[in-house]
Amino acid sequence: MKKIIIANWKMKLPYADSLKLARSCRRLEAVICPDHLSLAAVAGAIKGGRVRLGAQDCAPEERAALTGEVSPADLRKLGVRHVILGHSERRQQLHENSIIINRKIQAALAAGLIPVLCVGEKAEVKRAGITAEYIGDELRRALKGIKIASPHDLLIAYEPIWAISTVRKAKPLAPAAAAQMHAFIRREAKKILSREVRILYGGSVRSENAPAFLAEKEIDGLLVGAASLDYSEFKAICS
Ligand code: PGA
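Figured I'd write up the structure that's included with this text. (Residues numbered from 1 in each chain as written. Predicted model: local features only at pLDDT ≥ 70, side-chain atom pairs only at ≥ 80, totals over all residues. Heavy atoms only, no water.)

**Some details on the overall build of the protein chain**
Stage number 1. Looking only at helices and strands, the protein chain has 10 helices and eight strands in total.
Stage number 2. The C-alpha atoms of the protein chain give a radius of gyration of 17 Å, which matches the 18 Å a tight globule of 239 residues would have.
Stage number 3. For the protein chain, the spread of C-alpha atoms along the principal axes amounts to about 45 × 45 × 35 Å.
Stage number 4. Each of the 239 residues in the protein chain was classed as buried or not, and the buried ones make up 52%.
Stage number 5. Contacts in the protein chain between residues far apart in sequence, at least 24 positions, make up 65% of those at least 6 positions apart. (Helix = DSSP H or I, 4+ residues; strand = E, 2+ residues; numbered from the N terminus. Rg over C-alpha atoms; globule rule 2.2 N^0.38 Å. Buried < 20%, exposed > 50% of the residue type's maximum accessible area, 1.4 Å probe, protein only. Contact = heavy atoms within 4.5 Å.)

**Quick word on the pattern of salt bridges**
Stage number 1. In the structure shown here, the tally under the stated rule is 17 salt bridges.
Stage number 2. Arg 141 serves as the salt-bridge partner of Asp 137, at 2.8 Å between the closest nitrogen and oxygen. Of this pair, Asp 137 and Arg 141 are both found in helix α7 (residues 131-142), four residues apart, which corresponds to roughly one turn of the helix.
Stage number 3. Given the relative accessible area of 30%, Asp 137 is considered partly exposed.
Stage number 4. Here Arg 206 ties to Glu 208 by a salt bridge, and the two come within 3.2 Å at their closest N and O atoms.
Stage number 5. Residue Arg 206 is classed as partly exposed on the basis of its relative accessible area of 35%.
Stage number 6. One salt-bridge network, in which partners are shared between bridges, spans Asp 57, Arg 90, Glu 96 and Lys 104. (Salt bridge = Lys/Arg side-chain N within 4 Å of Asp/Glu carboxyl O.)

**Details of the site of the ligand**
Stage number 1. The immediate surroundings of the ligand are formed by Asn 8, Lys 10, His 87, Glu 159, Ile 164, Ser 165, Gly 203, Ser 204, Leu 223, Val 224, Gly 225 and Ala 226.
Stage number 2. At a separation of 2.6 Å, an oxygen atom of the ligand approaches a polar side-chain atom of Lys 10.
Stage number 3. Contacts to the ligand include Gly 225, whose backbone N or O atom sits 2.8 Å from an oxygen atom.
Stage number 4. Considered on its own, the ligand offers 280 Å² of accessible surface; in the complex 99% of this is hidden by protein.
Stage number 5. Broken down by class, the residue content of the shell around the ligand amounts to four nonpolar, six polar and two charged. (Near = heavy atom within 4 Å. Polar contact = N/O pair within 3.5 Å; in protein donor to acceptor, adjacent residues only side chain to side chain. Areas by Shrake-Rupley, 256 points an atom, 1.4 Å probe, with all protein chains shown as cover. Nonpolar A, V, L, I, M, F, W, Y, C, P; charged D, E, K, R; others polar.)

**Examining the packing of aromatic side chains**
Stage number 1. Following the criterion strictly, the structure yields two aromatic pairs and no others.
Stage number 2. Both rings, one in Tyr 201 and one in Phe 213, keep their centres 4.5 Å apart while their planes meet at 15°; by these two values the pair is stacked. One end of the pair, Tyr 201, is in strand β7 (residues 198-202); the other, Phe 213, is in helix α9 (residues 210-214), with 12 residues separating them in the sequence.
Stage number 3. On the basis of relative accessibility, which here comes to 0%, the residue Tyr 201 falls in the buried class.
Stage number 4. Overall, Phe 213 belongs to the buried group, its relative accessible area being 1%.
Stage number 5. Three or more aromatic residues link up through ring pairs in this structure, and these residues are Tyr 158, Tyr 201 and Phe 213.
Stage number 6. The ring of Trp 162 carries Lys 126 above its face, with NZ or CZ at 4.7 Å from the centroid. (Phe/Tyr/Trp six-rings, centres within 6.5 Å; stacked < 30°, edge-to-face > 60°. Lys NZ or Arg CZ within 6 Å of the ring centre and 35° of its normal.)

**Observations concerning the pairing of strand β8 (residues 221-224)**
Stage number 1. By the alternation rule, side chains of β8 split into Gly 221 and Leu 223 and Leu 222 and Val 224, which are all buried.
Stage number 2. Note that strand β1 (residues 4-8) and β8 share four bridges and pair parallel. Its bridge partner lying in β8, Ile 4 is registered against Gly 221. (Pairing = 2+ DSSP bridges.)

Written out as structure tokens, the structure is:
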């Protein structure tokens, strides 16, 4: 099956730069996730191209009195297909918990979006040797009561927090070790969802190490942060 490459631009680019990068990415077989503000303009800029549109978050409701939030239904209408949910930066810096992430997954699915649920352990968890228990718990909480009709309705991204490029002293996980965690996540997700979903890897992926990750059978694709902001670097990852 084809590998899935998703670019997470985070809040790194000014509006004009998002548009410029989106135009460059038009022909790539990938999903780009700009910030909410530039989504509409990016949707226009990539129309007719090959690249698909994703969002970095969505509201836990379709329509509600929720100041500052963006409706998953409106994202879908704009042409958004994938939505990153539960990213560790939101969990850690904005205190987003599993209850809200679970509600966002439900709302995204109801709107016809494909949630990309992020899970990953902190360095302390890894040091304590309890990564599997921690990730299993994150999966059970976020996916509680979630029903999907097809295995393609939801993706999981495994992103060990200590491997994300913006974290101090970050280093990528070895592809073979990532594949081992993916096998575990696949089994756990199957127990919860009764379906086998696809699992992406994220954390300091660059053009030099991307082929080694993608060569692993257990790794169905990549969620790319910093390296997706540089067009030639991201193009190299996609090809
Ligand atoms: P990184 O970010 O590729 O810069 O490590 C990945 C992510 O946070 O999604």
